[in-house]
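What the coordinates show
This is what each chain is made of:
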Amino acid sequence: MGVGAMEASSPAAFDDGGTSTTIEDLPADVLALVLRRLDGASLAAVGCASSGLHGLATDPDTWRALCLAMWPSVRDLLPCLGRVDHRALFADAFPFPCSSPSPSAPTSPPQQPLPARLVSAVDLRHAGVSILSRVVETDADSDWFLGAPFRVDALVQEGFTPPTAASASGISHADLELNWVLLDPATGRALNASSRRAVAVDRKWLTGDTVARFAVVLSGGEGGVALDAAVTCDERYGHVREVSLRVEDADGAGVSGRDGLAAVAAAMTAPRRRGCRGGATAEDAARERYEDFVRGKRARKEWKARREGILDLCCSGVGAAAF
């Protein structure tokens, strides 16, 4: 049941012998069960139809069930955060962050305070089956984290074989789905740090491993930065070796922890991408933005190579003339 059906039923969609009946005349428990079958965007839209539906659409249990269906690891957030507003979490973490600042935004936004602690809710599925659900806490205030390249590991070196039928025939990256949600416990804000579907797959022929990238492009700095969530696995045996998150700049280099935190903090408070043009899905739009990011990175690399070649040629000419 979608938003259109709900709107068609409100306020007076049924007429029985001259007596109008609205959807709000249904028992509240029946309406609550109906609303729980909606997706997050439809549920939020229904809450704007009337005051009665607003009360049902803002029910904390409904939003908790919606978040748990999307991110099973959310159930383990309470020990880390103490309290979880599931409605606010879904509004922050389900849409993709905008890859460019809003036209009405100031040209130089105020500097956001850096999070002292990051909490990651990581969920990895294959063919719809959950194969990894984990909450990772990161001390982001240490000198080691701020000075080293930004990196958060949800799985490293321990590895596992997914308990699915795919383990016998290998992992299909088209069937992989990664949800990586970053949360700042101090402010309660959250950020979608992965593209859900893989935007690129790199193969390491020497080791037989493949790396599926679930990247999200953010604004900030020249050419922007990308949150690069990667799943490394042995495709032949279906063995997942590593699940990690790093921040990459427009030149392909790793961003320091301090600069990565600044980009994450700015993205947490920035607007969210609410829709896609031309009927494209959010995952398709994320893939297109990443492909544009890769093309820009390749163009910058080629430009730097040409510049270095010209400088080498000039130095060689000056040296020959001096000789």
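The rules behind these values
- Residues numbered from 1 in each chain as written.
- Predicted model: local features only at pLDDT ≥ 70, side-chain atom pairs only at ≥ 80, totals over all residues.
- Heavy atoms only, no water.
- Helix = DSSP H or I, 4+ residues; strand = E, 2+ residues; numbered from the N terminus.
- Buried < 20%, exposed > 50% of the residue type's maximum accessible area, 1.4 Å probe, protein only.
- Contact = heavy atoms within 4.5 Å.
- Pairing = 2+ DSSP bridges.
- Core = buried A, V, L, I, M, F, W, Y, C linked by side-chain atoms within 4.5 Å.
- Phe/Tyr/Trp six-rings, centres within 6.5 Å; stacked < 30°, edge-to-face > 60°.
- Lys NZ or Arg CZ within 6 Å of the ring centre and 35° of its normal.
- Lys, Arg positive; Asp, Glu negative; His and termini not counted.
- Salt bridge = Lys/Arg side-chain N within 4 Å of Asp/Glu carboxyl O.
- Polar contact = N/O pair within 3.5 Å; in protein donor to acceptor, adjacent residues only side chain to side chain.
- pLDDT = per-residue confidence, 0-100.

**Here's the deal with the overall build of the chain**
- Assigned secondary structure in the chain consists of 11 helices and 13 strands.
- The 323 residues of the chain split such that 41% are buried.
- Considering only contacts in the chain between residues 6 or more positions apart, those separated by 24 or more positions represent 61%.

**Let's talk about the pairing of strand S10 (residues 209–218)**
- Taking burial as the measure, the 10 residues of S10 include 10 buried ones, the bulk of the element.
- Between strand S9 (residues 200–204) and S10, which pair antiparallel one after the other, the connecting turn spans 4 residues, and Gly208 there sits at a positive phi close to 80°.
- Here S10 runs beside strand S11 (residues 225–234); their pairing, made up of 10 bridges, is antiparallel. What sits directly across from Val216, in S11, is Leu227.

**A look at the nonpolar core**
- In this structure, Trp180, Val243 and Leu245 are the most contacted members of the largest nonpolar core, which totals 42 residues.
- Contacts of Val243, omitting those with residues within four sequence positions, involve Val122, Leu124, Leu132, Val152, Asp153, Ala154, Leu155, Leu178, Trp180, Ala230 and Val231.
- Leu43, Trp71, Leu77 and Val84 belong to the second largest nonpolar core, which has 25 residues in total.

**A few points about the packing of aromatic side chains**
- Under the counting rule described, the total for this entry stands at 5 aromatic pairs.
- Judged by centre distance (5.7 Å) and plane angle (55°), the ring pair of Trp63 and Phe90 falls under tilted. In this pair, Trp63 is assigned in helix H5 (residues 60–70) and Phe90 in helix H7 (residues 86–93), connecting sequence segments 27 residues apart.
- Take Trp63: its relative accessible area is 4%, and that puts it in the buried class.
- Three or more aromatic residues joined by ring pairs make a cluster, and in this case those are Trp63, Trp71, Phe90 and Phe94.
- Geometry around Phe94 places Arg196 over its ring, the cationic atom sitting 4.7 Å from the centre.

**Digging into the side chain of Arg125**
- Here Arg125 is to be found in strand S4 (residues 117–126).
- Glu177 provides the closest opposite charge to the buried, unpaired Arg125, separated from it by 4.4 Å.
- Looking at Arg125, its side chain comes within polar contact range of the main-chain oxygen of Ala69, at 3.1 Å.
- With sequence-adjacent residues up to four places away left out, Arg125 is seen in contact with Ala69, Met70, Pro72, Ser130, Ile131, Asp175, Leu176, Glu177 and Asn179.

**Digging into the environment of Ser256**
- If you trace the backbone, Ser256 turns up in the loop between strand S12 (239–249) and helix H10 (257–269).
- A relative accessible area of 23% places Ser256 in the partly exposed class.
- C-alpha of Ser256 to C-alpha of Pro149: the two residues are 107 residues apart in sequence and 4.1 Å apart in space.
- If near-sequence neighbours (up to four positions away) are discounted, Ser256 is found in contact with Leu146, Gly147, Ala148, Pro149 and Phe150.

**Observations regarding the pattern of salt bridges**
- Within the structure shown, the criterion is met by 10 salt bridges.
- Among the salt bridges present, the one from Glu137 reaches Arg117, with a minimum N-O distance of 2.6 Å. Placement of the pair is Glu137 in strand S5 (residues 129–139) and Arg117 in strand S4, with a sequence separation of 20 residues.
- Taking the relative accessible area as the measure of exposure, Arg117 reaches 30% and is therefore partly exposed.
- When the shortest N-O distance is used, the salt bridge between Arg213 and Asp202 registers 2.7 Å. Highlighted residues: Arg213 in strand S10 and Asp202 in strand S9, separated in sequence by 11 residues.
- Within the structure, one salt-bridge network assembled from shared partners comprises Asp202, Arg213, Asp228 and Arg246.

**Some points on the confidence of the model for the chain**
- In the predicted model, the chain carries a mean pLDDT of 78, and the fraction of residues at 70 or more is 78%.
- No element of the chain has a lower mean pLDDT than helix H1 (residues 3–8), which averages 42, and none a higher one than strand S7 (residues 176–183), which averages 94.
- In the predicted structure, residues 1–15 sits below a pLDDT of 50 and forms 26 contacts with residues beyond four places in sequence or in another chain.
- Low pLDDT, under 50, characterises residues 101–109; the predicted model gives this stretch 2 contacts beyond four residues in sequence or across chains.

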